[in-house]
Amino acid sequence: MPAPDIRLIAVDMDGTLLRPDGTIPDRLWSILGRLRERGIAFAPASGRQLATLQAMFAGTEGELDYIAENGAHVVRGEQEVSIDALDPAFVARTIGRLRALDAAGTRLGIVVCGQRSAYVDDRDPVFLAETRKYYRALEVVDDIAAVADRVLKLAVYDFVDGEAHTARALADLRPDHQVVVSGAHWVDVMNTGVDKGVALRGLQRALGVTPAQTVAFGDYLNDLELVRAADHSYAMADAHPDVAAVARFRAPSNAEDGVITVIEGLLAAPAMP
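Residues numbered from 1 in each chain as written. Predicted model: local features only at pLDDT ≥ 70, side-chain atom pairs only at ≥ 80, totals over all residues. Heavy atoms only, no water.

Trainee: Lay out the overall build of the protein in plain terms, naming residues and giving numbers.
Mentor: Of regular secondary structure, the protein possesses ten helices and 14 strands. Taking 2.2 N^0.38 as the reference for a compact globule, 273 residues should give roughly 19 Å; the C-alpha atoms of the protein span a radius of gyration of 18 Å, in line with that estimate. Counting only C-alpha atoms, the protein reaches 60 × 35 × 35 Å along its principal axes. A burial count over the protein gives 54% of its 273 residues as buried. In the protein, 58% of the contacts between residues at least 6 apart in sequence involve partners at least 24 apart. Of the roughly 11700 Å² of accessible surface on the protein, a fraction of 51% belongs to carbon and sulfur atoms. Charge centroids of the protein, computed over 27 positive and 39 negative side chains, lie 2 Å from each other. (Helix = DSSP H or I, 4+ residues; strand = E, 2+ residues; numbered from the N terminus. Rg over C-alpha atoms; globule rule 2.2 N^0.38 Å. Buried < 20%, exposed > 50% of the residue type's maximum accessible area, 1.4 Å probe, protein only. Contact = heavy atoms within 4.5 Å. Areas by Shrake-Rupley, 256 points an atom, 1.4 Å probe, with all protein chains shown as cover. Lys, Arg positive; Asp, Glu negative; His and termini not counted. Charge placed at Lys NZ, Arg CZ, Asp CG, Glu CD.)

In C-alpha cells:
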C-alpha cells in the first residue's frame, strides 16, 4: 500500500513517546534525520513548558516545532506561532479557590506556568519532585499570586486523583475556561479555545499542511483534540478509553516504543506514484 503524503507528525510526550522511565527512545534520533530529509516536520506536543521540551531535544540537528503548555505556547524554531495568556484577575481568583480547596482537605500543589518560567510556593518535596519533571525553568517563590509574568496555564498537582477531585471541583469554570485532566494527578486550567488540537491546526496553517498530511499520537484526555486534528490519528495501546474512541488507529504502547514503530512503518512504505 502506498505511503500517505505525510508532512507533519505531532507527538504527545508522557505515556506516548517517552518510555515508562521518562526517557526518549534512542531510535528517535536517527528517525528525526530521516524525517528532515523528507521534509516532514516533527512537533512534540505536551503539557510541559517550552524550556523543558527544548532541553529534551537539545542537540537535535535542524529546527523542531513545539506545542507546549497543552497548546498555550506554539513555536517553530525561533518563531512564535501563538501564545495565549490568562487574565491576571482570573489567575488570582483561581489561586484563591485552589488554596481554599487544599485547606479543606483536597491536598494539591499549584504551578503558575509563565512565559519566562514556572513558579511554585509549595515546598513539599513530593510536589517539587513531580513538578521538576515537567518544568525545567522553575522558580520557588514566596507567593505565586505575586508573580509578574504572563501566565499561560495553571497546573494543579492533585496528590490523590486529579480527575476525581480537582477537575470536578473546578468544573464550574467551564465553558469560560479549559479544565483539562492531563495525567493521573495533573489538571490544567487554560483559556477557552486553548488545547493541543487548536495549536496543531495553527501549526498546520503556518506550515501549509492539511489534516490529511498530519499524523498525531496521544494517550490521555489532554490529547483528545490533538488526535481529532489529524486524519492519521493514533491512540496508544493503553490509552484512556476516550482517546481510544476518537483515534482512527492504534499504536503499540510507549513501553514498546509504539510511536517509533508506527513512524518507521510509514517511512518504509513505498512512496505514492
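Trainee: How would you summarise the pairing of strand β10 (residues 177-181) if you had to cite specific residues and measurements?
Mentor: Within β10, five of the five residues are buried, which leaves the element mostly enclosed by the surrounding structure. Where burial is concerned, the two faces of β10 agree: the one with H177, V179 and V181 and the one with Q178 and V180 are both buried. Pairing between β10 and strand β11 (residues 186-191): five bridges, direction antiparallel. Note that in β11 the partner of Q178 across the bridge is M190. Where β10 hands over to β11, the hairpin turn is made up of four residues, counted between the paired strands. (Pairing = 2+ DSSP bridges.)

Trainee: Would you mind going over the side chain of D219 in detail, with residue names and values included?
Mentor: Locating D219 in the fold gives a position in the loop between β12 (214-218) and α8 (224-228). Despite its burial, D219 pairs with no opposite charge, the nearest such side chain being K196 at 6.7 Å. If sequence neighbours within four positions are ignored, D219 has contacts with D12, D14, G15, T16, M236, A239, H240 and V243. (Salt bridge = Lys/Arg side-chain N within 4 Å of Asp/Glu carboxyl O.)

Trainee: Outline helix α2 (residues 27-37), listing residues and values.
Mentor: Among the residues of α2, L28, I31, L32, G33 and L35 are the ones counted as buried. Structurally, α2 contributes buried residues whose contacts are with β1 (8-12), α1 (13-17), β2 (41-45) and α10 (258-268). Once α2 finishes, G39 follows within two positions and takes phi at roughly 75 degrees, a positive value.

Trainee: Mind laying out the layout of surface pockets, listing which residues take part and the relevant values?
Mentor: Within this model, the largest pocket holds a volume of roughly 380 Å³. Lining the largest pocket are 23 residues, with D14, Y134, S182, G183 and W186 positioned closest to its centre. Residue assignment for the lining of the largest pocket shows that the elements contributing at least two residues are α1, α5 (125-134), β9 (151-158) and β11. (1 Å grid on protein atoms, 1.4 Å probe; cavity = no way out; pocket = protein on both sides within 12 Å on 5 of 7 lines; lining within 4 Å. Points joined across faces, edges and corners; volume = space filled by probe spheres on them.)

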